[in-house]
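Geometric and topological summary
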Amino acid sequence: MTEFEIRHKDLMGRIGKLRTSHGYIETPTIMPVINPNLNSIGAEEMKKYGAEILIANAYIIYRKEGLREAAIKKGIHALLGFELPIMTDSGSYQLYEYKDIEVSNREIVEFQQRIGSDICVPLDIPTPPNVKRERAKDDLEETLRRMQEARSLIQTNLLAGVVQGSTFLDLRGECAQHVSEIGFEVYAIGGVVPLLESYSFDKLVDIIVASKLNLPLNAPVHLFGAGHPMIFPLAVALGCDLFDSAAYALYAKGKRYLTSDGTRKVEELSYLPCSCPVCSSYSVKEIKENEDLLASHNLWVTFEEMRTVKQSIVERSLWELCERRCRAYPALLNALIQMTKYSALIERYDPVTKHPFFYLGESSAHRPEVLRYSSRLNRFTVSGKVLISTFFLKKEPALRKNRISEEVEVFDHVFLVKPPFGPYPVGLEESYPVGQSEIPTAVDNEAKTIALQNVLKLLELNRKVKFVFRYDRSWEGHPLIDEIRRYAEVRKEE
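From a predicted model like this one, the values you see are computed outputs, not experimental measurements.

Structural notes on the sheet that holds strand 3 (residues 23-27)
Taken together, 3 strands build an open sheet; the order of strands is 1-2-3 and the sheet is antiparallel. Each end of this open sheet is capped by a strand with a single partner; those strands are strand 1 (4-10) and strand 3. Between one strand axis and the next, the sheet turns by 15° as a mean value, whatever way the strands run.

Points about unusual backbone geometry
With an omega dihedral of -5°, the bond running from proline 419 to proline 420 counts as a cis peptide bond. Residue proline 433 follows tyrosine 432 across a cis peptide bond; omega there is 5°. Its location among the elements puts proline 433 in the loop between strand 17 (422-425) and strand 18 (437-438). Even without being glycine, leucine 11 reaches a positive phi, approximately 55°. Mapped onto the secondary structure, leucine 11 falls in the loop between strand 1 and strand 2 (13-20). Of note in this structure, lysine 255 is not a glycine but carries a positive phi near 60°. Structurally, the position occupied by lysine 255 is in the loop between helix 11 (247-253) and strand 12 (256-259). Lysine 255 gets classed as partly exposed once you look at its relative accessible area, which sits at 31%.

So, the pattern of salt bridges
This model, assessed by the stated rule, comprises 26 salt bridges. Within the structure, one salt-bridge network assembled from shared partners comprises Asp10, Glu320, Glu347, Asp350, Lys354, Arg367, Glu369 and Arg372.

Notes on the side chain of serine 211
Inspection of the secondary structure puts serine 211 in helix 9 (residues 201-212). If we skip the residues at most four places from it in the chain, serine 211 touches Val163, Arg172, Ala176 and Ile189.

Things to note about the nonpolar core
With 122 residues, the main nonpolar core has Leu223 and Phe243 as its most contacted residues. Considering every element that reaches this core, the biggest residue donor is helix 14 (residues 291-315), with 9 residues. The contact partners of phenylalanine 243, leaving out residues within four places of it in the chain, are Pro28, Thr29, Ile30, Met31, His222, Leu223, Ala226, Phe232, Ala235, Val236 and Met306. Counting 42 residues, the second largest nonpolar core, distinct from the first, contains Val370, Val417, Trp475 and Ile481.

Notes on the state of the cysteines
A full pass over the atoms with the stated rule returns 0 disulfides. With no disulfide partner, cysteine 274 has as its closest neighbouring cysteine sulfur the one in cysteine 276, 3.6 Å distant. Relative accessible area serves as the criterion here: at 8%, cysteine 276 is assigned to the buried category.

What about the packing of aromatic side chains?
The tally for this structure, following the rule as stated, stands at 11 aromatic pairs. Taken together, a centroid distance of 5.6 Å and an interplanar angle of 70° make the contact between phenylalanine 380 and phenylalanine 415 edge-to-face. Here phenylalanine 415 lies in strand 16 (residues 413-418) and phenylalanine 380 lies in the loop between helix 18 (368-375) and strand 15 (385-389), a separation of 35 residues in the sequence. When sorted by exposure, phenylalanine 380 lands in the same class as phenylalanine 415, which is buried. Every member of this aromatic cluster is reached through a ring pair, and the members are Phe357, Tyr373, Phe380, Phe415 and Phe421. The side chain of arginine 68 reaches across the aromatic face of tyrosine 62, ending 5.5 Å from its centre.

Observations concerning the side chain of asparagine 462
With respect to the secondary-structure elements, asparagine 462 resides in the loop between helix 20 (445-461) and strand 19 (466-471). Taking relative accessible area as the criterion, asparagine 462 reaches 13% and is therefore assigned buried. Sequence-distant contacts of asparagine 462, defined by excluding residues within four places in its chain, comprise Phe380, Val382 and Phe467.

Regarding the sheet that holds strand 19
Spatial ordering of the open sheet is given by 17-16-15-19-20, a layout of 5 strands whose pairing is mixed. A strand with exactly one partner marks an edge of an open sheet, and here the two such strands are strand 17 and strand 20 (488-492). Going from strand to strand, the sheet's axes swing by 25° on average, the running direction of each strand aside. In the sheet, strand 15 pairs with strand 19 via 5 bridges, with the strands oriented parallel. What sits directly across from serine 389, in strand 19, is arginine 470. Here helix 20 sits on the sheet and contacts strand 15, strand 16, strand 17, strand 19 and strand 20; the angle it forms with strand 17, its principal contact strand, is near 60°.

What to know about helix 14
Spanning 25 residues, helix 14 covers 36 Å between terminal C-alpha atoms, matching the ideal 36 Å at 1.5 Å per step. If you check the start of helix 14, you find a side-chain oxygen 2.9 Å away from the backbone N of aspartate 292, and it comes from asparagine 290.

Some remarks on the packing of helix 6 (residues 133-153) against helix 7 (residues 169-182)
Where helix 6 meets helix 7, the axes come as close as 10 Å, and the angle between the chain directions of the two elements is 10°. On the basis of their axis angle, the class for helix 6 and helix 7 is roughly parallel. Along the contact surface, helix 6 presents Arg133, Ala136, Lys137, Leu140, Leu144, Met147, Gln148 and Arg151, while helix 7 presents Asp170, Leu171, Glu174, Cys175, His178, Val179 and Ile182. The class makeup of the residues in the contact of helix 6 with helix 7 is 8 nonpolar, 2 polar and 5 charged.

As for the pairing of strand 9 (residues 186-189)
Of the two faces of strand 9, the one holding Val186 and Ala188 and the one holding Tyr187 and Ile189 are both buried throughout. In this fold, strand 8 (residues 158-163) hands off to helix 7, which returns the chain to strand 9; that crossover is right-handed. In terms of strand pairing, strand 9 meets strand 10 (residues 221-223) through 3 bridges, oriented parallel. By the bridge assignment, tyrosine 187 is partnered in strand 10 with valine 221.

Section: the pairing of strand 8
Taking burial as the measure, the 6 residues of strand 8 include 6 buried ones, the bulk of the element. Here strand 7 (residues 119-120) pairs with strand 8 via 2 bridges, running parallel. For isoleucine 119, the partnering residue across the bridge sits in strand 8 and is leucine 158. Where strand 8 and strand 9 come together, 4 bridges link them in parallel fashion. Its bridge partner lying in strand 9, alanine 160 is registered against valine 186.

Rules used in this analysis
Residues numbered from 1 in each chain as written. Predicted model: local features only at pLDDT ≥ 70, side-chain atom pairs only at ≥ 80, totals over all residues. Heavy atoms only, no water. Pairing = 2+ DSSP bridges. Helix = DSSP H or I, 4+ residues; strand = E, 2+ residues; numbered from the N terminus. Axes fitted to C-alpha atoms, helices over the stretch in contact; angles between N-to-C directions. Buried < 20%, exposed > 50% of the residue type's maximum accessible area, 1.4 Å probe, protein only. Salt bridge = Lys/Arg side-chain N within 4 Å of Asp/Glu carboxyl O. Contact = heavy atoms within 4.5 Å. Core = buried A, V, L, I, M, F, W, Y, C linked by side-chain atoms within 4.5 Å. Disulfide = S-S within 2.5 Å. Phe/Tyr/Trp six-rings, centres within 6.5 Å; stacked < 30°, edge-to-face > 60°. Lys NZ or Arg CZ within 6 Å of the ring centre and 35° of its normal. Expected span 1.5 Å × (residues − 1). Polar contact = N/O pair within 3.5 Å; in protein donor to acceptor, adjacent residues only side chain to side chain. Parallel < 35°, antiparallel > 145°, perpendicular 65-115°, else oblique. Nonpolar A, V, L, I, M, F, W, Y, C, P; charged D, E, K, R; others polar. Right-handed = clockwise from strand over helix to strand, strands pointing away.

Function cannot be read off these values alone, since they describe shape.
Shown next, in the form of structure tokens:
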């Protein structure tokens, strides 16, 4: 039986079921970070928040003699008091922070296997962003050597193959291809914490895509260090399935209150904009004074956002969730714009029919559905005399129906124009996606441009057909109107 089964899809995101030796987990999901030395929220208590899997740092356990011996004797699950799946990290983050750690790749991999980790991670080399290419290349080669060594050691536990390569997209792709050839049950994208800390979310989009293009589709992908809920919709839309979160505790320690669209300083709160069990039961003053309560709120809101993401996948409305969340923060909006550059790639994985299309801004004009519609304009067969008109939604239903009937009597075919899709036959006005889309009354220029580009495309595909193009005053002055004159008789009407 395969370890990973995909149940629902939207964009490149998916809801899947991952089989481990301690049961199944449903992805996308959060793995709260558990530190046996520090955690105020116990492992068993994590279940009430919705945790199906935890992640612990095997290196922290390994380097403390008492913990190491207890883990070897009882196993990681008994040590933490948690019988659901547990993933263990190898200490790569400590390697990044302190430049050196007192353990080899072989030692930490064998230790993870010995203590019964469900998902083990080799000791990869996390290369920072924007280093010299020579360093990134050398670190990547060492990471790949360690991946191969770990694979030779682990045969029964699930093993994660880590993708490195700094901010060099070709190196990310090369590393992803090599770890795919080695073969792992889980794949991970590492070395991105500095990008998250600097809000370089547009670069993160590029790295995820470069990695995903070269990873197998039938295995989950873990985005290391991405624990803030505001990044979940975007990362899931690009195909990430697993997330580890120490953010709930770290932000609480720094007196920060997490929300789905950002972070707030707890001392600046006069009201609690949340209905989680903590915010419903305690006052602002109590949460300000109690770090454990703040950590608990942060964890509740983290899991809530992931459930929202999953519901949007089932509804096939994930793009709209991304648009709503990314417009809350400029750096996330940069990332959303960057994601539109990969619409052609996303369209290959996106379901053909879905939730009604809501136009929420310029980024909506570049959604996969719009791109797919444009690519299928060649399916329309037209002949004789054809009308293309922008007069489409502004009349009462009875008047609109009468006018269309009159036009059909004069023309062999009648196409209406609806931004951002462009021309569509009146017979398809109730069909997805054009007929099942909602757009604002005052549509932006980006939507008009895409629509007129598709008008031009239809004209160019049918050069021998006589077209009449009518447009209303809201389209006046658009430069593509002059382009359309090359192929059609153009009439401006009130």
